[in-house]
Amino acid sequence: MRARVHIVAGDVLCGAGRGLDPFWHSMMRAQPLQARHDLGDARLAATYVAVPERGEPDGDFATAWLTSVCRNALDQARESISHFAQPRIALLVGSSLGGMTLFEAHHRTTWNATRAGDPGMPTTQAPAWQARYDGPTRAAAERLGLPVSAWTLNTACSSAANALGIARRWLSHGRIDVALVAGIDVISPFVYAGFASLRAIDEEPTSPFSAGRRGLNLGEAAVSLVLMRATDLAEPTSLVELAGFGSSCDAHHLTRPDPSGAGLARAMHAALANGNARADQVALLSAHATGTPFNDSMESAAFAQVFGNHAPAMHAAKPVAGHTLGAAGAVDAVLVWQALVRGVIPPTFRRLAPDETLALQPLAKPQPLASGSLALSTSSGFGGSNVALLFRGGVA
């Protein structure tokens, strides 16, 4: 029998707040925190995004924020980890952009050195290797003393969700003792321009599963979770369990999801089977819910296939936190974790009327969540990547 895996600690830094309590209070208020921000490129107009306050030097926010949330989570978990003489700790980071902001800064540095004129954006003296996809992970691992036990996963906007699922698998198979799982992504002008070219940006607060929805609001986040086996914990039954993991890739299109929802449905069925659970036992569904016409329709189709006439309470975090890309699955995981701990499902902000053609609609008001409840979180990404994570609430 494989060991059960539980969430021991975590931290979050995003447009919805720094720390678990501020993040949770923002979700309960269910008011969009996005604002118009200058992305640092004079060629782009200020855009509607959800970002934390910035203050770290040299523009390497990804490494600074990732290091901060990971260190905070490890500090919280120190007592649980202390009985290991030499714990095998693995850092798994989900990111779709990695060191993209530094890549752009290095490009600007070269441009300024070789061409007349200045685009008016920051440059950097940070080492070039930090601009790679695994740059923030490597840099954070060195600062945390985990230089040989760090991995970066990039499956677009399902990256952090896949990282959590893989960490659960490694723990349950006994390959590691502690999993430090994180998600990190920081907006860059290049990335914003890419989404704008797809016409996927809404310049007003996003309104998932609504009629007339137009797209997403980008966001930034660094999120961390510490996972451990139940057999290594003093009172595991009181902690939230990461109970199941399912992943699929439908390879339907480079950017557009399979409208049938079949790929996401497969991932959801796999997560439920992995956690020995049935769809009608799920009390909370945390949807990917980007607010784009294609994503929400695809998710609705998948939900109809999996849940049928059973309708779990649904929540969407992105109207408050923005779409944090590769970190989104970790943001949703923290939301589910805290909902199960605190015994309540937050409401979801809605700006437009519901789309009555869709199978489910997010909650408009808070709803109690019983002890020991099951929750399912979904994530999807470019290229047809789909992930579902099953959580089980602790029992005091």
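Counting starts from 1 at the beginning of each chain's written sequence and moves along it residue by residue. Only residues with pLDDT of 70 or above have their local features reported here, since the model is predicted, and side-chain atom pairs are shown and tallied only from 80 upward, although totals for entire chains, interfaces and linings are computed over all residues. For side-chain calculations, the full set of non-hydrogen atoms in the structure is used, while hydrogens and water are omitted.

Next up on the list: the overall build of the chain. Scanning the chain from terminus to terminus reveals 11 helices and 15 strands. Note on method: radius of gyration uses C-alpha positions; expected globular size equals 2.2 Å times residues raised to 0.38. Taken against the 2.2 N^0.38 rule, which gives 21 Å for 396 residues, the C-alpha radius of gyration of the chain at 20 Å falls within 12% of a compact globule. Taken along its principal axes, the extent of the C-alpha atoms in the chain is 65 × 55 × 35 Å. For the chain, with 396 residues in total, the buried portion stands at 60%. Long-range contacts, defined here as pairs at least 24 residues apart, represent 78% of the contacts in the chain between residues at least 6 apart. All accessibility values rest on the Shrake-Rupley procedure with a 1.4 Å probe; residue burial counts only the protein chains present in the view. Looking at the chain as shown, the accessible area adds up to about 15600 Å², and 54% of this sits on carbon and sulfur atoms. Charge counting follows a simple rule: Lys and Arg are positive, Asp and Glu are negative, and His as well as the terminal groups are ignored. To locate a charge, the coordinates of NZ of Lys, CZ of Arg, CG of Asp or CD of Glu are taken. In the chain, which carries 31 positive and 31 negative side-chain charges, the distance between the mean positions of the two groups comes to 4 Å. Secondary structure elements are taken from DSSP: a helix is a run of H or I of four residues or more, a strand is a run of E of two residues or more, and numbering for both begins at the N terminus. When a residue's accessible area, from a 1.4 Å probe over protein chains only, is under 20% of the maximum for its type it is buried; when over 50% it is exposed; and in between it is partly exposed. In what follows, residue pairs with any heavy atoms lying within 4.5 Å of each other are defined as contacts.

Any carboxyl oxygen of Asp or Glu that lies within 4 Å of a side-chain nitrogen of Lys or Arg is treated as forming a salt bridge with it. One pass over the full model with this rule turns up 16 salt bridges. Notably, a salt bridge pairs arginine 88 with aspartate 177, separated by 2.9 Å at the nearest N-O pair. On the criterion of sequence distance, the pair formed by arginine 88 in the loop between helix 3 (78–81) and strand 5 (89–94) and aspartate 177 in the loop between helix 6 (159–172) and strand 7 (178–185) is long-range, its members being 89 residues apart. Several salt bridges share partner residues, and in doing so they unite Arg88, Asp177, Arg229 and Asp232 into one network.

Turning to the nonpolar core, a few remarks are in order. Working definition of a nonpolar core: buried Ala, Val, Leu, Ile, Met, Phe, Trp, Tyr and Cys residues. They are joined through side-chain atoms within 4.5 Å. Judged by nonpolar contacts, the single largest core of 52 residues is most densely connected at Phe23, Met27, Leu164, Leu227, Leu389 and Phe391. By residue number, the principal contributor to this core is helix 11 (residues 328–342), which donates 9 residues. In terms of nonpolar packing, the next biggest core, distinct from the first, is built from 30 residues, Ala9, Leu66, Leu144 and Ile184 among them.

The subject of this paragraph is the pairing of strand 9 (residues 241–249). Walk down a regular strand and you will see the side chains alternate between the two sheet faces. Among the 9 residues in strand 9, 7 count as buried, and that is most of the element. Across 8 bridges, the pairing between strand 9 and strand 15 (residues 385–392) is antiparallel. What sits directly across from serine 248, in strand 15, is asparagine 386. In this description, strands pair whenever DSSP reports at least two bridges between them.

Under the convention used throughout, the expected extent of a helix is 1.5 Å for every residue step, that is, one less than its residue count. End to end, helix 2 (residues 61–76) covers 23 Å across 16 residues, agreeing with the expected 22 Å (1.5 Å per residue, within 8%). Buried within helix 2 we find Phe61, Ala62, Thr63, Ala64, Trp65, Leu66, Thr67, Val69, Cys70, Ala73 and Leu74.

We now examine the pairing of strand 5. Among the 6 residues of strand 5, 6 are classified as buried, and the element is accordingly described as predominantly covered. Of the two faces of strand 5, both are covered, the one formed by Ile89, Leu91 and Val93 as well as the one formed by Ala90, Leu92 and Gly94. Where strand 5 meets strand 7, 6 bridges bridge the pair, whose relative direction is parallel. Its bridge partner being in strand 7, leucine 92 is matched across the sheet by valine 181. Strand direction decides the pairing type here: strand 5 and strand 6 (residues 150–153), joined by 4 bridges, are parallel. The residue of strand 6 that forms the bridge with leucine 91 is alanine 150.

A word on the packing of aromatic side chains. For Phe, Tyr and Trp, where Trp contributes only its six-membered ring, two rings pair if their centres lie within 6.5 Å, and the inter-plane angle classes them as stacked under 30 degrees, edge-to-face over 60, or tilted in between. Per the counting criterion, the structure on display carries 4 aromatic pairs. Between phenylalanine 61 and tryptophan 65 the ring centres are 5.5 Å apart and the planes differ by 35 degrees, which places this aromatic pair in the tilted class. Placement of the pair is phenylalanine 61 and tryptophan 65 together in helix 2, with a separation of 4 residues, close to one helical turn.

What follows concerns the side chain of asparagine 386. Along the chain, the position of asparagine 386 falls in strand 15. Overall, the relative accessible area of 3% leaves asparagine 386 in the buried class. Polar contacts here mean pairs of N or O atoms no more than 3.5 Å apart (in protein, one a potential hydrogen donor and the other a potential acceptor; neighbouring residues in sequence count only if both atoms are side-chain atoms). At a separation of 3.1 Å, a polar atom in the side chain of asparagine 386 contacts the side chain of aspartate 250. Within the structure, the side chain of asparagine 386 is placed 3.0 Å from the backbone oxygen of glycine 384, a separation counted as a polar contact.

Looking now at unusual backbone geometry. In this structure, alanine 156 is a non-glycine residue whose phi angle is positive, near 60 degrees. Within the fold, alanine 156 resides in the loop between strand 6 and helix 6.

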